[in-house]
Amino acid sequence: MLKKNIVVTNPEGIHARPASALVRLAGKFESEFFIHTHGYKINGKSILGVLTLAAECGANLELETSGPDEKKAMDAIVELFENNFKNGED
Amino acid sequence: MTDDHKYVPKYFTGTPASYGLVSGPAFIYVTDELILNNTEISPSQIRDQQKQAESAFRILDLQLRKLLDLTNDETESEANEIINFQRDILKDPDLIASVNSFVRSDYQTADKAVHSAFRKYIDRLASSPSHYFKDRIVDLRDIRDRLIQIIQQKYLLQDVQEKDIVVCREVTPGDILLFSRKKVGGIISEQGGITSHAAIIAKSVGIPLMMSVKGITESVQSRDVVLIDCDNSQVILNPEEKNLSAEKDYKKSKNESASDLPDRISRPTKMACGYHIPIMANIELVEELDMFGSKLTEGIGLLRTESFIMNKTDNGSSDDDYTIYEKAIKSVDDAPLNIRLYDIGGDKLPGFTKAEPNPFLGWRGVRLLLDRKSLLISQLDLIFDAAINHQKKIQLIIPMVTNKDDVTEIKGIVHERLALKPEAVDLISVGIMVEVPAVAILADYYLEQVEFVTIGTNDLTQYTLAADRTNSLVQHYFNQVHPAVWYLINRTIEAGKRVNKPVALCGELASNPKAALILVGMGISSLSMSPAAIPEVKTLLLRYTKADAEKIAKEILKCTSEKEINIILESIN
């Protein structure tokens, strides 16, 4: 299991479009993906879960991946956050 | 309600949208109020309810995917994002698991379980301080309610019985086919104008349909006896014995039942003098091809294609567009096949939320196709493939033409795509709809551009007479036999004769047998109408010679008022 803290930097926060991009990316990996914030844990492959984080710019999140491709999944997801969800499109 | 209610006849007026006289117990089909099922299901129903929910998710996803096909141009990227977001919600593994769990552990019906599953997310968003996230609640509710509506429609439909009279607020073409399969007796709708597509379908499947019946949904209760009388434009709640015996007489007199309709359609149309006038079919839905397919011996004068995109619902049809083109080709065999390119209005596009003040004077038909070229191109490619694979000649019709430049541009795109599929070049010809006065007036010039034209009288009438055909307040102004409409039709036919190019007609007007006779007299090349109207038109045409028809047509063209026209029409029998 891998864990990593990250700050949401894109100005609009995790709105619908970034949430779609994130869920679609996470869905490509076999590993489970969770997001923790304020003692709250959601499934990162569930768009409603991600949306209800209501994460705005500056929010602190803890990412967790767990499974056979957890490293690859974490790297890709972090990259998506760092690129402000711009390259997550299919 | 007291017992009195049961026995007092109550009369309603309406606009008949097909034919027939029929009575039966009312089946109320109103799904716009979401009242959740609070019944607890038994363990044996769990799997079934879960399946109902799964199927609702699938149907909604299919509807959204079809909308995406419509908006795959760059300019609509914002609308695409919304639809993609909605589709992601439908694939949400937690949401689906939650619905299943409410069914399994709490014994909830599928609709209730969907509602329960969304609640958690909606509550969380409601507690967010951000307006953006609070506003997403609307999107979630929208998806939720659409799922619930799909499920409840299915529940409702399980209860409809043969010979029931369906009472609803509004009716879609898909609904009519569904009810037709359930063998209902007739349909009464509170809303709708007579040329709506629902009416066309009702005629083609032979179901009595009365529209614009004000107040009916409030007055009728489930299983009340109602009678539809299309000839007299009325609906009677709790009909008297004399009304019901009229229905029996009607049934007796109708010696040809709906079941042999397909056979009557395929009879050849030779007039008394031996003159042959092709009577083709207007086809809107794939189900019509299944029903009448082998009987469309004289061809399809108008294959409407817009419903392939707009009406994809759970009506049992999983055919993709290519399969439908193939089915149409097989139906007509060697007879003509006219396919009209998507004729859609902007009001039906997602993301096009700025409702147009006058949609009929707005962004529709060829105008929309030229702004959404990828949609046009994908349609052309499929049609060309079908033509090549079956070595079948296909005539393409461009909808809602109002200027020559648009025709030139569409033809340019057709030629570009044909260049990529050269085997189709000899199989494809291009024509236009004549459905606005501008084109009828200058028909000579348009005929220089294309190989044939087809007159659409529904739109031609509404644009000539400035009467919105869906507005029940001005229905009496929407008169397809107005002298000005005849004048424009005749003008177009004459233009065709001068250059020896076919002028066909595919509007509702053709399904009026007397009008059909006059059109033949004017020299129309072929007529196309709802399959259900074909037998009656043929029956009348057989009794007259072409010369008779020409004589009547001449008289019609002398008329200056609707009154004079009606006198002539009444003299035809």
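Now for a description of the structure that goes with this document. (Residues numbered from 1 in each chain as written. Chains lettered and ligands numbered in written order. Predicted model: local features only at pLDDT ≥ 70, side-chain atom pairs only at ≥ 80, totals over all residues. Heavy atoms only, no water.)

### Here we look at the overall build of chain A
Stated formally: Every helix listed is a DSSP run of H or I at least four residues long, and every strand listed is a run of E at least two residues long, numbered separately from the N terminus. To sort residues, take the accessible area from a 1.4 Å probe on protein chains only and compare it with the maximum for the residue type: under 20% means buried, over 50% means exposed, and anything in between is partly exposed. Contact definition: two residues touch when any of their heavy atoms are within 4.5 Å.
Assigned secondary structure in chain A consists of three helices and four strands. Secondary structure of chain A in N-to-C order comes out as β-α-β-β-α-β-α. Going through the 90 residues of chain A one by one, you find that 57% of them count as buried. Considering only intrachain contacts with a sequence separation of at least 6, the fraction spanning at least 24 residues in chain A is 68%.

### Section: the environment of Asp406 of chain B
Residues and elements named next belong to chain B. Residue position: Asp406 is located in helix α17 (residues 404–420). In this structure Asp406 comes out as buried when scored by relative accessible area, which is 13%. Setting aside residues up to four positions removed in sequence, Asp406 forms contacts with Val366 and Leu370.

### As for the sheet that holds strand β4 (residues 165–168) of chain B
All names here are of chain B. Note the threshold: Think of it this way: DSSP has to see at least two bridges between two strands before they count as a pair.
If you walk across this open sheet you meet the eight strands as β1-β8-β7-β3-β4-β5-β6-β2, and the pairing is mixed. Lying at the two open borders of the sheet, with one neighbouring strand each, are β1 (10–13) and β2 (15–16). In this structure, β2 lies alongside strand β6 (residues 209–211), joined through two bridges in antiparallel fashion. Counted as the bridge partner of Thr15 is Met211 from β6.

### Digging into the sheet that holds strand β9 (residues 279–283) of chain B
Residues and elements named next belong to chain B. Stated formally: Only the stretch in contact is used when a helix axis is fitted, and all axes are lines through C-alpha atoms; the angle between N-to-C directions ranges over 0 to 180 degrees.
Taken in spatial order, the eight strands of this closed barrel run β9-β10-β11-β12-β13-β14-β15-β16, and their pairing is parallel. Each adjacent strand pair in this sheet contributes to an overall mean axis angle of 25 degrees, direction not counted. Here strand β12 (residues 394–398) runs beside strand β13 (residues 428–434); their pairing, made up of five bridges, is parallel. Directly across from Ile398, in β13, lies its bridge partner Ile432. Packed onto the sheet, α17 meets β12 and β13 and runs at close to 160 degrees relative to β13.

### Regarding the pattern of salt bridges
Residue and element names in this part refer to chain B. Put simply, the test is: Salt bridges are defined by distance alone: a side-chain nitrogen of Lys or Arg within 4 Å of a carboxyl oxygen of Asp or Glu.
For the structure shown, the criterion picks out 23 salt bridges over all chains. With its nearest N and O atoms 2.8 Å apart, the salt bridge here joins Glu306 to Arg340. Here Glu306, found in helix α13 (residues 306–310), pairs with Arg340, found in strand β11 (residues 337–340); they are 34 residues apart in sequence, far enough to count as distant. The same class applies to Glu306 as to Arg340, namely buried. Residues Asp343 and Arg340 are paired through a salt bridge, measuring 3.8 Å at the closest nitrogen-oxygen approach. Each member of the pair, Asp343 together with Arg340, is buried. Linked by salt bridges that have partners in common, Glu306, Arg340, Asp343, Arg364 and Asp459 make up one network.

### A look at the interface of chain B and chain A
Quick note on the threshold: Buried area is calculated as the accessible area (1.4 Å probe) missing from two parts once they are joined, with the contributions of both summed. Think of a polar contact as two N or O atoms within 3.5 Å of one another; within protein, one of them needs to be a possible hydrogen donor and the other a possible acceptor, and neighboring residues in sequence only count if both atoms come from side chains. When residues are sorted by character, Ala, Val, Leu, Ile, Met, Phe, Trp, Tyr, Cys and Pro go into the nonpolar class, Asp, Glu, Lys and Arg into the charged class, and all the rest, Gly among them, into the polar class.
The interface of chain B with chain A comprises 19 residues on the first partner and 19 residues on the second. Taking both sides of the interface into account, the surface hidden between chain B and chain A amounts to around 1700 Å²; carbon and sulfur atoms contribute 66%. Counting the contacts that link chain B with chain A gives one salt bridge. Put simply, Asp88 of chain B and Arg24 of chain A hold a salt bridge, and the shortest N to O gap is 3.1 Å. Viewed at the interface, chain A and chain B are joined by nine residue pairs in polar contact (both at pLDDT 80 or more). Contributions of two or more residues to the side of chain B that touches chain A are made by α3 (77–90), α4 (93–106), α5 (110–126) and α6 (131–159) of chain B. The element contributing the most residues to the side of chain B that touches chain A is α3 of chain B, with five residues. Of the residues in the side of chain B that touches chain A, the class split is 10 nonpolar, three polar and six charged.

### Thoughts on the packing of helix α1 (residues 16–27) of chain A against helix α3 (residues 70–82) of chain A
Residues and elements named next belong to chain A. To keep it simple, the criterion reads: Note on angle classes: values under 35 degrees are labelled roughly parallel, values over 145 roughly antiparallel, values of 65 to 115 roughly perpendicular, and the remainder oblique. A clockwise turn of the near helix away from the far one marks a right-handed crossing, whereas an anticlockwise turn of less than a right angle marks a left-handed crossing.
Contact geometry for α1 and α3: axes closest at 10 Å, N-to-C directions at 165 degrees. One finds that α1 runs roughly antiparallel with respect to α3. Relative to α3, the crossing made by α1 is right-handed. Residues Ala21, Leu22, Leu25 and Ala26 of α1 touch α3, and the partners they reach there are Ala76, Ile77, Leu80 and Phe81. Grouping the amino acids of the contact of α1 with α3 by side-chain chemistry returns eight nonpolar, no polar and no charged.

### Considerations on the nonpolar core
All names here are of chain B. Worth spelling out the cut-off: For the purposes of this section, nonpolar cores are sets of buried Ala, Val, Leu, Ile, Met, Phe, Trp, Tyr and Cys residues that join through side-chain atoms within 4.5 Å.
Counting 102 residues, the largest nonpolar core has Trp486, Ile489 and Leu527 as its most contacted members. Residue contributions to this core peak at eight residues, all from helix α16 (residues 373–390). Other than its neighbours up to four places away in sequence, Ile489 contacts Ile455, Thr457, Leu460, Leu505, Leu509, Leu519 and Met522. Counting residues in each nonpolar core, the second largest holds 65 residues, with Ile59, Leu60, Leu95 and Tyr155 among its members.

### What to know about a nonpolar patch on the surface
The test is simple: To count toward a patch, a residue needs a relative accessible area over 30% and no salt bridge; like charges are then connected within 9 Å, while nonpolar side chains (Val, Leu, Ile, Met, Phe, Trp, Tyr) are connected within 5 Å. Throughout, the Shrake-Rupley method with a 1.4 Å probe supplies accessible areas, and for residues the shown protein chains are the sole cover considered.
Taken together, Ile441, Leu442 and Tyr445 of chain B make up a surface patch of nonpolar side chains, about 280 Å² in accessible area. Mapped onto the secondary structure, Leu442 of chain B falls in the loop between α18 (437–441) and α19 (443–449).

### Concerning α3 of chain A
Residues and elements named next belong to chain A. Filter applied, for reference: A helix's residues, less one, multiplied by 1.5 Å, set its expected span.
The first and last C-alpha atoms of α3 sit 18 Å apart over 13 residues, in line with the 18 Å expected at 1.5 Å per residue. Restricting attention to buried positions, one finds in α3 the residues Glu70, Ala73, Met74, Ala76, Ile77, Val78, Leu80 and Phe81. Looking at the packing, one finds that the buried side of α3 touches β1 (2–7), α1, β2 (32–37) and β4 (60–66).

### Some remarks on the environment of Leu447 of chain B
All names here are of chain B. Topologically, Leu447 is positioned in helix α19. Each C-alpha atom, one on Leu447 and one on Gly431, is 8.6 Å from the other, the two residues being 16 residues apart in sequence. Beyond its immediate sequence surroundings of up to four residues, Leu447 is in contact with Val453, Thr492, Ala495, Gly496, Val499 and Lys501.

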